[in-house]
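Examination of the molecular architecture
Below are the chains, spelled out letter by letter.
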Amino acid sequence: VAVGRFMLTGSMLVGIPINIIPTVRSGLQLVGHLCPRLLGDDGPLLTDASAASAAAANSELSVETSIVQAPTLGRPFRPQAERVRVLLSICFLLMQAFLAIKVPGVVNVLSLLGATVVTAMMMAIPAYCMGRIQTMTPKNRMLQITFYFFSLVSLASVPIKILTWCTVI
């Protein structure tokens, strides 16, 4: 039993930070969209051809070699983005830790996930896509409104459940 718990603890120590990666990426994209100056400049994707040929002539390398060596994946162009990434990771880990302490039961976690993620995937995202892709006939508009309404009804349980867990209600 002790070995099983130790292995479960090890898998949780690895699994939780790995599962945060998509959330942090989405958060960075959201921050980049809302506050583009906060993340800094991406830098050039390719070097200028004249600058590359001048550098190649000075160092007696071929133009292809100097272009390939321009941006590498190992060097980050945006040090500010790395700070924001670390800050978002820490915030999301703290939120997960807070929820794990406040909500020890698996049933509560599954109901919270069902009220948020499943609702978004089954109702809110299709309603949004319907509005962006399809022509809005009265029938499609009514279907979209129905999806949005029931997604809000499903999401209404989340604040009530969180306030109940925090013993406010």
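Residues numbered from 1 in each chain as written. Predicted model: local features only at pLDDT ≥ 70, side-chain atom pairs only at ≥ 80, totals over all residues. Heavy atoms only, no water.

It is worth spelling out helix H1 (residues 2-34) at this point. If you check H1, its first and last C-alpha atoms are 48 Å apart, about what 33 residues at 1.5 Å a residue would give, namely 48 Å. Roughly 30° is the biggest bend found in H1, and it falls at Ile 21, with proline Pro 22 one to four residues downstream. When we look at burial in H1, the residues that qualify are Ile 20, Val 24, Gly 27, Leu 28 and Val 31. (Helix = DSSP H or I, 4+ residues; strand = E, 2+ residues; numbered from the N terminus. Expected span 1.5 Å × (residues − 1). Bend = angle between axes of the 7 residues up to and from the residue. Buried < 20%, exposed > 50% of the residue type's maximum accessible area, 1.4 Å probe, protein only.)

For the structure shown, the criterion picks out 1 salt bridge. Linking Glu 82 and Arg 85 is a salt bridge whose minimum nitrogen-to-oxygen distance equals 3.7 Å. Placement of the pair is Glu 82 and Arg 85 together in helix H5 (residues 79-102), with a separation of 3 residues, close to one helical turn. (Salt bridge = Lys/Arg side-chain N within 4 Å of Asp/Glu carboxyl O.)

Interhelical geometry of helix H6 (residues 106-133) versus helix H7 (residues 138-155) gives an angle of 160° and a closest axis separation of 9 Å. Compared by their axis directions, H6 and H7 come out roughly antiparallel. With respect to the hand of their crossing, H6 and H7 are arranged in left-handed fashion. The segment H6 lies against H7, with Ala 115, Thr 116, Thr 119, Met 123, Ala 124, Pro 126, Ala 127, Tyr 128, Met 130 and Gly 131 engaging Asn 140, Leu 143, Gln 144, Phe 147, Tyr 148, Phe 150, Ser 151, Ser 154 and Leu 155. Of the residues belonging to the contact of H6 with H7, the class tally is 12 nonpolar, 7 polar and no charged. (Axes fitted to C-alpha atoms, helices over the stretch in contact; angles between N-to-C directions. Parallel < 35°, antiparallel > 145°, perpendicular 65-115°, else oblique. Left-handed = near helix turned anticlockwise from the far one by under 90°. Contact = heavy atoms within 4.5 Å. Nonpolar A, V, L, I, M, F, W, Y, C, P; charged D, E, K, R; others polar.)

On the surface, Val 106, Val 109, Leu 110, Leu 113, Val 117, Val 118, Met 121, Met 122 and Ile 125 cluster together to form a nonpolar patch covering roughly 840 Å² of accessible area. Along the chain, the position of Val 106 falls in helix H6. (Patch = residues over 30% accessible without salt bridge, like charges linked within 9 Å, V, L, I, M, F, W, Y side chains within 5 Å. Areas by Shrake-Rupley, 256 points an atom, 1.4 Å probe, with all protein chains shown as cover.)

Okay, the confidence of the model for the chain next. Scored by pLDDT, the chain comes out at a mean of 75, with 76% of its residues at no less than 70. The element-level mean pLDDT for the chain is lowest in helix H4 (residues 63-68), coming to 45, with H7 highest at 90. Considering only residues more than four positions removed or in separate chains, one finds that residues 61-76, a stretch of pLDDT under 50, has 14 contacts. (pLDDT = per-residue confidence, 0-100.)

A few words now on the packing of aromatic side chains. Enumeration according to the criterion identifies 1 aromatic pair in this entry. The interplanar angle of 70° and the centroid separation of 5.2 Å between the aromatic rings of Phe 149 and Phe 150 together place this pair among those described as edge-to-face. (Phe/Tyr/Trp six-rings, centres within 6.5 Å; stacked < 30°, edge-to-face > 60°.)

This next bit is on the packing of H6 against helix H8 (residues 157-165). The interhelical angle for the contact between H6 and H8, taken along N-to-C directions, is 155°, at an axis separation of 9 Å. As far as their axial angle goes, H8 and H6 are roughly antiparallel. Remark: the crossing between H6 and H8 carries left-handed chirality. Facing H6, whose interface residues are Asn 108, Ser 111, Leu 112, Ala 115 and Thr 116, H8 presents Ser 157, Val 158, Lys 161 and Trp 165. Its residues placed into classes, the contact of H6 with H8 shows 4 nonpolar, 4 polar and 1 charged.

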